[in-house]
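# Examination of the molecular architecture
Chain residues, written in single-letter form:
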Amino acid sequence: MTRSATTTLDASIPTDLDSARAKLVYLYLAATGGATADDLCDDLEVTKGTVLSIAGTLQERGYLERRDGRYELA
């Protein structure tokens, strides 16, 4: 019998995020602990323009910080 590991993610999505893609980026960063714009593009299959726009919005609202070329939740 194969046993799989269970990981619990405690990430509450901010209520002022209306965009499904913004919520997806937020959850992705919560689950991974951070990512580059290229990681987000590749893994979420969104364009770089979309990633940068969402990241900008999340930064303006205080949910996201950029450190050493990576986006991380604030």
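Residues numbered from 1 in each chain as written. Predicted model: local features only at pLDDT ≥ 70, side-chain atom pairs only at ≥ 80, totals over all residues. Heavy atoms only, no water.

## Some points on the overall build of the chain
How we decide: Helical segments are the DSSP runs of H or I of at least four residues, strand segments are the runs of E of at least two, and each set is numbered from the N terminus. Here a residue-residue contact requires only that any non-hydrogen atoms of the pair lie within 4.5 Å. Values of accessible area rely on a 1.4 Å probe in the Shrake-Rupley scheme; residue burial ignores everything except the protein chains shown.
Counting its secondary structure elements, the chain contains three helices and two strands. Going from the N terminus to the C terminus, the chain shows its helices and strands as α-α-α-β-β. Relative to all contacts within the chain whose residues are 6 or more apart in sequence, the contacts with residues 24 or more apart total 40%. Accessible area of the chain: about 5100 Å², with a carbon and sulfur share of 44%.

## Considering helix α1 (residues 20-32)
Selection criterion: What a helix is expected to span follows from its residue count: subtract one and scale by 1.5 Å.
Between its terminal C-alpha atoms α1 stretches 18 Å, which fits the 18 Å expected from 13 residues at 1.5 Å a residue. At the C-terminal side of α1, G33 shows a positive phi close to 85°.

## Considering the environment of R21
Mapping R21 onto the fold places it in helix α1. Separated by 30 residues in the primary sequence, R21 and V51 place their C-alpha atoms 8.9 Å from one another. Each residue touching R21, except ones within four places of it in the same chain, is listed here: V46, T50 and I54.

## Considering the packing of α1 against helix α2 (residues 37-44)
Heads up, the rule is: Orientation is described by axes fitted as lines to C-alpha atoms, over the contacting stretch for helices, and by angles from 0 to 180 degrees between their N-to-C directions. The cut-offs work like this: below 35 degrees is roughly parallel, past 145 is roughly antiparallel, 65 to 115 is roughly perpendicular, and the gaps in between are oblique. Each crossing gets its hand from how the near helix is turned against the far one by less than a right angle, where anticlockwise is left-handed and clockwise is right-handed. When residue character is reported, Ala, Val, Leu, Ile, Met, Phe, Trp, Tyr, Cys and Pro are called nonpolar, Asp, Glu, Lys and Arg charged, and the others, Gly included, polar.
Orientation of α1 relative to α2, taken along the N-to-C sense of each, is 110°, at an axis distance of 11 Å. Comparing the axis directions of α1 and α2 gives the class roughly perpendicular. Pair α1 / α2 crosses with right-handed handedness. Facing α1, whose interface residues are L24, V25, Y28 and L29, α2 presents D39, L40, D43 and L44. Taken together, the residues that form the contact of α1 with α2 break down as six nonpolar, no polar and two charged.

## Some remarks on the nonpolar core
Rules: Only buried Ala, Val, Leu, Ile, Met, Phe, Trp, Tyr and Cys residues count toward a nonpolar core, and they belong to the same one when joined by side-chain atoms within 4.5 Å. Burial here depends on accessible area, computed with a 1.4 Å probe over protein chains only, as a share of the maximum for the residue type. Under 20% is buried, over 50% is exposed, and the range in between is partly exposed.
Within the largest apolar cluster, 18 residues are counted, with the highest numbers of intra-cluster contacts made by V25, L29, L40 and Y71. Only α1, α2 and α3 (48-60) provide two or more residues apiece to this core. Among the elements that take part in this core, α1 stands out by supplying five residues, more than any other. With residues up to four places along the chain from it excluded, the contact list for V25 reads L40, L44, I54 and L58.

## Remarks on the pairing of strand β2 (residues 70-73)
The condition is simple: When DSSP finds two or more bridges between two strands, those strands count as paired.
Looking at chain direction, strand β1 (residues 64-67) and β2 are connected through four bridges and run antiparallel. Within β2, the position partnered with R66 by the bridge is Y71. Counting the residues between successive antiparallel strands, the hairpin from β1 to β2 contains two residues, one of them, D68, with a positive phi of roughly 50°.

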